[in-house]
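# Reading the structure
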Amino acid sequence: MSVEQQEIAQYVCLQAPFTMLDSSACEYFVNHLDIIYLTRENQTQWLQSENPKLFLIRSGLYDLVDGKGDVVTRLAQGDYFGFPSLLTGEAIQNRLEVQKEGIVYMLSQTHFDFLRREYKSFEQYFVRAHANRLLSSHYKSKNDSWSERKISELMTRTAITLTPDASIRQSAKKNERAWRIVNNDNAARALSRGCDRPRFTQPSTCRRGRSTRRSKQYYDRQT
C-alpha cells in the first residue's frame, strides 16, 4: 500500500462493518475505491441508477432528499449512502444536497457484491441499515399523514349529547370511554387528597386527618 492508501485504510478499518471483519476486507475496499470531492456543482452526477455505487463519507455534510423534497436523513463523517439500490437493484429515488463540501469514497457494484459474497457480516450490516431506513421513512410518513388530517377525520365516535339538567355521571354512562376517563380522573383527584382507595359511586369525603377527628368526636360523645 502507498502512504495515502495506508492513511485511508486506518480510517476505513475504524468504520462499521469493517470493525467486525478481517483486515483483508478493509484492504479490498481500500484497493478498489474511488475518491471524489463532493460539491454543490457536481452533487447531481453521482447518484445514478445506471451506475449505482456505495458511498462512504470521509468529510463534509450532506442531505439525502426524497422525490417529494423531504430530507430522508442528514449524512456526515462515517455514514454510508447508495446501498439500497445496490441491495435491491431498484432505481435510485433520492438525490443528494451538499450542505458542506467534503471527501467521499466510492465503491462500485461489482466490488460491493464481492464483499457481500465473501463476508456475510458485511452484507448483514447493510441489509439492517436498509431495513432501518425503510422503517424510519414509514413512521415519518405515517406521522405526517396524521398531522395533516382534519380533527373530524380522526374522531371514531360520535359526540355525547345530553339534556341541560343531566349530570356528568349520567353523560359518562352513555359512553364507555368517557366512563373510564371520569373514573381515572376521580382516582387521580382522590390520590392527590391522600386517599389510597378512591370510590366512584359517590363523591369522596376523604381529607387528610378528617376521618380520624370525626371518629374521635363520636367516641367522646358516646363516653
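Residues numbered from 1 in each chain as written. Predicted model: local features only at pLDDT ≥ 70, side-chain atom pairs only at ≥ 80, totals over all residues. Heavy atoms only, no water.

### Overview of the overall build of the protein chain
If you tally the helices and strands in the protein chain, you get nine helices and seven strands. Burial status across the protein chain gives 32% buried among its 223 residues. Taking the intrachain contacts of the protein chain between residues at least 6 apart in sequence as the baseline, contacts between residues at least 24 apart amount to 67%. (Helix = DSSP H or I, 4+ residues; strand = E, 2+ residues; numbered from the N terminus. Buried < 20%, exposed > 50% of the residue type's maximum accessible area, 1.4 Å probe, protein only. Contact = heavy atoms within 4.5 Å.)

### A short note on the sheet that holds strand 3 (residues 61–65)
Spatially, the three strands line up as an open sheet ordered 4-3-6, and their pairing is antiparallel. Both outer strands of the open sheet, strand 4 (71–75) and strand 6 (95–100), are each paired with one neighbouring strand and no more. Going from strand to strand, the sheet's axes swing by 20 degrees on average, the running direction of each strand aside. Judged from the five bridges that link them, strand 3 and strand 6 form a sheet pairing that is antiparallel. (Pairing = 2+ DSSP bridges. Axes fitted to C-alpha atoms, helices over the stretch in contact; angles between N-to-C directions.)

### Some thoughts on the state of the cysteines
Note on terminology: a disulfide is the covalent bond linking the sulfur atoms of two cysteines. Applying the stated criterion across every chain, the model contains one disulfide. At a sulfur-sulfur separation of 2.3 Å, the disulfide partner of cysteine 13 is cysteine 26. Its torsion about the S-S bond being -115 degrees, the disulfide of cysteine 13 and cysteine 26 is classed as left-handed. In this pair, cysteine 13 sits in the loop between helix 1 (3–12) and helix 2 (23–32) while cysteine 26 sits in helix 2, placing the two residues 13 residues apart along the sequence. (Disulfide = S-S within 2.5 Å.)

### Some words on the pattern of salt bridges
Scanning the entire structure with this criterion turns up six salt bridges. Two residues, arginine 95 and glutamate 97, come together in a salt bridge whose shortest N-O distance is 2.5 Å. Close ionic contact of glutamate 123 with lysine 120 constitutes a salt bridge, the shortest N to O distance being 3.9 Å. Of this pair, glutamate 123 and lysine 120 are both found in helix 5 (residues 120–147), three residues apart, which corresponds to roughly one turn of the helix. Through salt bridges that share partners, Asp113, Arg116, Lys120 and Glu123 make up one connected network. (Salt bridge = Lys/Arg side-chain N within 4 Å of Asp/Glu carboxyl O.)

### What to know about the pairing of strand 7 (residues 102–108)
The buried fraction of strand 7 is high, at five of seven residues. Here strand 1 (residues 34–38) runs beside strand 7; their pairing, made up of five bridges, is antiparallel. Bridge pairing in strand 7 links isoleucine 36 to valine 104. Pairing of strand 2 (residues 53–57) with strand 7 involves five bridges; the strand directions are antiparallel.

### A closer look at the packing of helix 1 against helix 2
Viewed as axis vectors pointing N to C, helix 1 and helix 2 meet at an angle of 130 degrees, and their least axial separation amounts to 10 Å. As the angle between them shows, helix 1 and helix 2 are arranged oblique. As helix 1 runs across helix 2, the sense of the crossing is right-handed. Mapping the contact onto sequence places Gln5, Ile8, Ala9 and Val12 in helix 1 and Cys26, Phe29, Val30 and Asn31 in helix 2. Of the residues contributing to the contact of helix 1 with helix 2, the split by class is six nonpolar, two polar and no charged. (Parallel < 35°, antiparallel > 145°, perpendicular 65-115°, else oblique. Left-handed = near helix turned anticlockwise from the far one by under 90°. Nonpolar A, V, L, I, M, F, W, Y, C, P; charged D, E, K, R; others polar.)

### A look at helix 2
For helix 2, the full list of buried residues reads Ala25, Cys26, Tyr28, Phe29 and Val30. Of the surrounding elements, those touching the buried residues of helix 2 are helix 1, strand 2, strand 7 and helix 4 (109–118).

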